[in-house]
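Reading the structure
What follows is the residue order along each chain.
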Amino acid sequence: MQDSLTIGELSVRSGVAPSALRYYERLGLIRADRTGGNQRRYARAELRRVAFIRISQQVGVSLDEIRAALDSLPEARTPSPQDWARLSASWRGRLDERIRLLTRLRDDLDGCIGCGCLSLQRCALNNPEDTLAGEGPGARLVLPRPAEDATLT
């Protein structure tokens, strides 16, 4: 078994286009060594990083957050299961909050679309007479209030 993968091999194994792999490398999310002919060679451990990036993006995590998480992993060795568990634990609260928001959106969206008014300004159920406008912009009933808003109320 080879110790390294070409960009094409990494692409096939990960399901990620070579252009995206080059982009991830440019952002510092993955690393490649170069051959004498300047071809990229990826350590097999990069497959886990690419899988982590893909899954994280699919649940709405930004590339900046992904980079910060990956930067917490050791550079001098392949991350261990304990390293990945530590990273996972650090994200648990954020992921639970995203799940809560998505569940609320899913559950409340039927009622809003079913109403037919399609207007947050005139919604007699959730925002009669647009009273929420005084609390600031955004989806005030769905999104948690930023800390600075919470101190004003």
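Residues numbered from 1 in each chain as written. Predicted model: local features only at pLDDT ≥ 70, side-chain atom pairs only at ≥ 80, totals over all residues. Heavy atoms only, no water.

As recorded in an unreviewed UniProt entry, the protein goes by Redox-sensitive transcriptional activator SoxR and comes from Micromonospora tarensis.

**So, the nonpolar core**
Formed by 22 residues in total, the largest nonpolar core has its most connected members in Leu 21, Tyr 24, Phe 52, Ile 53, Ile 66 and Leu 70. Of all the elements in the fold, those that place two or more residues in this core are α1 (7-14), α2 (18-27), α3 (46-58), α4 (63-71) and α5 (81-115). The residues contacting Ile 66, other than those within four sequence positions of it, are Leu 29, Phe 52, Ile 53, Ser 56, Gln 57, Val 61 and Trp 91. (Core = buried A, V, L, I, M, F, W, Y, C linked by side-chain atoms within 4.5 Å. Buried < 20%, exposed > 50% of the residue type's maximum accessible area, 1.4 Å probe, protein only. Helix = DSSP H or I, 4+ residues; strand = E, 2+ residues; numbered from the N terminus. Contact = heavy atoms within 4.5 Å.)

**A short note on the environment of Asp 64**
Its location among the elements puts Asp 64 in helix α4. Residue classification places Asp 64 among the exposed residues on the basis of a relative accessible area of 52%. Considered as a pair, Asp 64 and Leu 27 are 37 residues apart in the sequence and their alpha carbons are 9.1 Å apart. Within the local environment of Asp 64, its side chain forms a polar contact with the side chain of Arg 67, the two groups lying 3.2 Å apart. (Polar contact = N/O pair within 3.5 Å; in protein donor to acceptor, adjacent residues only side chain to side chain.)

**Points about the pairing of strand β3 (residues 40-43)**
The sheet contact formed by strand β1 (residues 4-5) and β3 spans two bridges and is antiparallel. Paired with Leu 5 across the bridge in β3 is Tyr 42. Bridging between strand β2 (residues 33-34) and β3 involves two bridges; their strand directions are antiparallel. Note that in β3 the partner of Arg 34 across the bridge is Arg 40. Linking two consecutive strands that pair antiparallel, namely β2 and β3, is a turn of five residues; a positive phi of about 65 degrees is found at Asn 38 within it. (Pairing = 2+ DSSP bridges.)

**Some details on the packing of α1 against α2**
Taken N-terminus to C-terminus, the directions of α1 and α2 make an angle of 105 degrees; their axes are 9 Å apart at the nearest point. In terms of orientation, α1 lies roughly perpendicular with respect to α2. On α2, the residues touching Ile 7, Leu 10, Ser 11 and Ser 14 of α1 are Pro 18, Leu 21 and Arg 22. (Axes fitted to C-alpha atoms, helices over the stretch in contact; angles between N-to-C directions. Parallel < 35°, antiparallel > 145°, perpendicular 65-115°, else oblique.)

**Examining the packing of aromatic side chains**
Across all of its chains, the model carries two aromatic pairs by this definition. Between the aromatic rings of Phe 52 and Trp 84, the centroid separation amounts to 5.5 Å while the plane-to-plane angle is 55 degrees, which identifies the pairing as tilted. A residue pair is termed long-range when its members are at least 10 positions apart, and Phe 52 in helix α3 and Trp 84 in helix α5 qualify at 32 residues. Look at Trp 84 and you get buried, because its relative accessible area is 16%. (Phe/Tyr/Trp six-rings, centres within 6.5 Å; stacked < 30°, edge-to-face > 60°.)

**Things to note about the packing of α3 against α4**
For the pair α3 and α4, the least separation of the axes is 10 Å and the interaxial angle reads 145 degrees. The two elements α3 and α4 meet at a crossing, and its hand is right-handed. Contacts between α3 and α4 pair Arg 49, Phe 52, Ile 53, Ser 56 and Gln 57 from the former with Leu 63, Ile 66, Ala 69 and Leu 70 from the latter. Residue composition of the contact of α3 with α4, by class: six nonpolar, two polar and one charged. (Left-handed = near helix turned anticlockwise from the far one by under 90°. Nonpolar A, V, L, I, M, F, W, Y, C, P; charged D, E, K, R; others polar.)

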